[in-house]
Amino acid sequence: MGRTGLAHMFEHEAFKGTDTIGTKDYAKEKAALEKVEAAYAAYLHERDKPVGRDEQKLKELEQAWQAAIKEAQQYVIPNQFSEIVERNGGEDVNASTSDDHTEYHYSFALNRLELWAYLEASRFTHPVFREFYKERNVVTEERRMRTDSIPSAA
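What comes next concerns the included structure. A quick note: this is a predicted structure, and the numbers were derived from the prediction, not measured.

## A closer look at the nonpolar core
Next up, step 1: In terms of nonpolar packing, the biggest core is built from 14 residues, with Val36, Tyr40, Tyr43, Trp65, Ala72 and Tyr133 touching the most fellow members.
Next up, step 2: Elements that contribute at least two residues to this core include exactly α2 (26–47) and α3 (55–73).
Next up, step 3: Element by element, the count of residues in this core is highest for α2, at six residues.
Next up, step 4: Core analysis: the second largest hydrophobic core is formed by ten residues, Phe15, Ile21, Ala95 and Phe108 among them.

In structure tokens form, the structure reads like this:
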């Protein structure tokens, strides 16, 4: 508790794209992502009841949440941000987060400066947190492997 990993989450999400990169139809995807969040909120509401939780209802709400995730997934173009970089000669697309900073890096030829500025401005001003729960699981697992399982790292 108290260690949320928000910077690490944003590191992962920053490669998922924007309202114009990584989507087949953002208007439909946006509506589908809103359904994901509504379904998750309903699931959490039932799951976190201190008294009177209905296990059958909880199971149904979790299934509805997973179905909403699957529906939203149909609009995703996986890895499109990185593919745009690589298609334009970019190399070494990666990022990392440490205790006090997050860095994003890749190499572009100088004649790709305008594209670089567009991509970076877009992903930090119009990010879309697609595949959020999938990435949350990845970040949680990375923390478990790199920090929680090492006694000196806590």
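On we go.
## Notes on the pattern of salt bridges
Next up, step 1: With the rule as written, the count across this model stands at twelve salt bridges.
Next up, step 2: The residue glutamate 29 makes a salt bridge to arginine 130 at a minimum N-O spacing of 2.7 Å. Here arginine 130 lies in the loop between α5 (113–125) and α6 (132–148) and glutamate 29 lies in helix α2, a separation of 101 residues in the sequence. The pair formed by glutamate 29 and arginine 130 is uniform in burial state, with each residue classed as buried.
Next up, step 3: Between lysine 134 and glutamate 131 there is a salt bridge, with the nearest N and O atoms lying 3.6 Å from each other.
Next up, step 4: Among the residues examined, glutamate 131 registers a relative accessible area of 14% and is labelled buried.

Cut-offs applied
Residues numbered from 1 in each chain as written. Predicted model: local features only at pLDDT ≥ 70, side-chain atom pairs only at ≥ 80, totals over all residues. Heavy atoms only, no water. Core = buried A, V, L, I, M, F, W, Y, C linked by side-chain atoms within 4.5 Å. Buried < 20%, exposed > 50% of the residue type's maximum accessible area, 1.4 Å probe, protein only. Helix = DSSP H or I, 4+ residues; strand = E, 2+ residues; numbered from the N terminus. Salt bridge = Lys/Arg side-chain N within 4 Å of Asp/Glu carboxyl O.

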